[in-house]
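The chain contents come next:
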Amino acid sequence: MNAGKQTTRQLASRAGRSICRSCREYISRNTYATAAAAAVQAEDQVAQHIPPVAQAAPSTVYAVNAGVVLSRPPQITRDLHPFESAFFLYQRRLNERLALPFTRYFYFKKRTPADLEWKRKMKQRLTPARDIGRYKGYGDEAWNDEVLVGAKESDFEWQVERLLEDAGTDGKEVGEVEQKGMKKIEREVFDKPTPRRTEADEKNDTKSLNRALQRTLYLLVKNKDGLWQFPEDRLNEENLHGAASRILSQSGGPNMNTWLVGHIPIGQHQHNHTDTTKLPSGLTEHGVKTFFLKARIMAGQVNLKESKLGFQDFKWLAKDELKKEVDGSYWTSVKNMLAER
Amino acid sequence: MALRELPFRTVAALGRDVRPAVRVLHPLCRRNASSEAAREVESASSLEVPPPSEELVRGYDPVARSRLRRRGKKELPPSRYQYRSPKYYRGPLHPHQPPPESDPSSRLFQPGPFDLPRLEQTYQSTIASDLLALTYQHYPPGYRAPKNEQRLREWTGASPYYKNRPLRGPRGKGEVLRLLQEPRTFRNIPRITRVVVHSMVPEAQENSANMHVAGMILQAITNVRVESHRARHNVVGWGLRQGRYVSVTSTMEREDAQHFLAKLIDVVLPRIKEWKGVPGSSGDGHGNIHFGLTPDQLALFPEIEVNYDAYPPKMIPGCHISIITDATSNKDARLLMQAIGLPFYGKLND
């Protein structure tokens, strides 16, 4: 240690509390050189690795529960933030003026109905892209390319509408007559995409799996004590994933197609009893530790009619809805294993 | 030293009574994992600013405004107000430097991204966490991974040239150093880095039209400019002559790759008759999966189907698709592929 630091250290010790915390920490910190020297010594001790040994005689124990986090993954893409959709529209319009022009004759033979339709549509929207609105990237007024306030062009629903309109119409104005001798184009019949908000969303039907299609839904059950929790049960002479599949079949019924994701727990919750219980083996049980396994539902629905675990009710909830239902301490131990979306 | 310290000491002495008040404020700056995160730097966003009044919006016509402004005046030539990036890079000391590639006025600018692909969103929300749960390996507390010894061979001998010489590779012809298998954490979940489509057309040596057709098809299905390659050696058995153009590839990244895979898995592969899946023997042991499509399978891509007549039917090539991932083993790469919907058949290559 150099002399300068020695004196500062002495000063610091004399100054007592009047020196600020960060300075004191800096002064009393070991230098890298001393830390390295200490590390070299420590290396030999750690090198002989001693495996953790089980405790000789545990007098206090915890009961072990297996829990199942049964979830339905998101079914559709998420709604874009207005900034994202504005950015994407900007980039698409930029692309329209920077990319090589569309090779029309490679896709449409001259003087065919398809070619005429293409020309009509191009006259209307001025650009090959079908979902960016009326936009012109070239010419004297190409600078006028910004979307005005209140314009719908960046809206996702509006873009889908335009695509459907393009597929469904031939771009003819009202009252325009067809040229003679032209063949009609056969249009493919297509179904409109189903709405992104379903009936269950409108009714806020938390029993339905057809709700909140953009979010992950988790199965929450009301247990014997009236608490909302993930389905869980005491482990009896089996391993965790065996218990998890048993819980699924015993509580949810056979009308459910599920997949257990891996055999390892993704989280744990510890519940301490207010009064310890003495077990017949002479040990004191302090509480319950629950280990959660992850499962996905592929098809079917929960049926609690013949539930052997005594669950009273169930709900399918997204993460933020789940927070309101469960207990505070339960939420803190559970929140980090749930997907945000 | 003492003189310099004096003002500090006096201030400290005077301020000793004030200090506790500052202490009270201190815990606000410090944050534990359990406490609330610090608020954003700016709580207000420009998106929350109320829009201009309706009359102003309705009456705003940029074209008319500009016409009014320019009336009766001579227009400036574009060179006076338009910035043009220099055509050649003249070195870091030249006063006229090109703008960064991300600037739309740069000559190298490429627009994008254009949307958030569905496959990417599924990966983020579902696949990544499932892969972590499937491949996580738990170690008990106190476990220390055994130190991996040097995998390269040393130069043993008395020769003075062996001193400071780089270590030798693994013994045997064609042997390579395998990738290290790091323990799985949330930071190294395998993901798709890029997709390469490759099409070999040896007929292009006689008739270059084959090459053009292959290039057009690959560009149509991948949305990326193709790169053409020459034969590096004479191979009599395959009819290759050195220096002739024989193949085209296109490399997709990010958005293009996601769109291509989604199209392949949801549209093309389900329409192939009696397709068994990707052979289980596929995979190079470094996390990459390869498989091929025949010409009639390639023609099932919607971009080709829409104007199938434009391509000479006999010149449509087959292709090889390489999906390149972050995974370090065949097993992990295959798990990722299965998660995005590619089935495997036959004996698996581990």
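Residues numbered from 1 in each chain as written. Chains lettered and ligands numbered in written order. Predicted model: local features only at pLDDT ≥ 70, side-chain atom pairs only at ≥ 80, totals over all residues. Heavy atoms only, no water.

A word on the packing of helix α6 (residues 118–135) of chain B against helix α8 (residues 254–268) of chain B
Residues and elements named next belong to chain B.
- Contact pair α6 / α8: the axes reach a minimum separation of 8 Å and the direction vectors enclose 90°. It follows that α6 is roughly perpendicular to α8 by the angle criterion. Residues Arg-118, Leu-119 and Glu-120 of α6 form the contact with α8, whose participating residues are Gln-258, Leu-261, Ala-262 and Asp-266.
- The residue inventory of the contact of α6 with α8, partitioned by class, reads three nonpolar, one polar and three charged. (Axes fitted to C-alpha atoms, helices over the stretch in contact; angles between N-to-C directions. Helix = DSSP H or I, 4+ residues; strand = E, 2+ residues; numbered from the N terminus. Parallel < 35°, antiparallel > 145°, perpendicular 65-115°, else oblique. Contact = heavy atoms within 4.5 Å. Nonpolar A, V, L, I, M, F, W, Y, C, P; charged D, E, K, R; others polar.)

Considering the packing of α6(B) against helix α11 (residues 330–340) of chain B
Residue and element names in this part refer to chain B.
- In the contact formed by α6 and α11, the axes pass within 10 Å of each other and the chain directions differ by 135°. Classified by the angle between their axes, α6 and α11 sit oblique to one another. Our pair here, α6 against α11, has a crossing hand that is right-handed. Contacts between α6 and α11 involve Leu-119, Tyr-123, Ile-127, Leu-131, Leu-134 and Thr-135 on the former and, on the latter, Asp-332, Leu-335, Leu-336, Ala-339 and Ile-340.
- Residue composition of the contact of α6 with α11, grouped by class: nine nonpolar, one polar and one charged. (Left-handed = near helix turned anticlockwise from the far one by under 90°.)

As for helix α7 (residues 209–222) of chain B
Residue and element names in this part refer to chain B.
- Helix length check: α7, at 14 residues, gives a terminal C-alpha distance of 20 Å against a target of 20 Å (1.5 Å per residue), a fit within 8%.
- Burial runs high along α7: ten of the 14 residues are buried.
- Every buried residue of α7 is listed here: Asn-210, Met-211, Val-213, Ala-214, Gly-215, Ile-217, Leu-218, Ala-220, Ile-221 and Thr-222.
- As for α7, its buried residues are in contact with β1 (192–200), β2 (227–230), β3 (245–253), α8, α9 (295–298) and α10 (302–305).
- Within two residues after α7, Asn-223 carries a phi angle of roughly 70°, on the positive side. (Expected span 1.5 Å × (residues − 1). Buried < 20%, exposed > 50% of the residue type's maximum accessible area, 1.4 Å probe, protein only.)

Notes on the pairing of strand β7 (residues 284–300) of chain A
All names here are of chain A.
- Looking at chain direction, strand β1 (residues 60–72) and β7 are connected through twelve bridges and run parallel. Each bridged residue has a counterpart across the sheet, and for Gly-67 the counterpart in β7 is Phe-292.
- Sheet analysis places strand β5 (residues 256–261) next to β7, joined by six bridges and oriented antiparallel. Bridge assignment links Val-261 to a residue of β7, and that residue is Lys-294.
- Where strand β6 (residues 267–278) hands over to β7, the hairpin turn is made up of five residues, of which Gly-282 adopts a positive phi near 95°. (Pairing = 2+ DSSP bridges.)

Just geometry here; none of it tells us what the structure is for.
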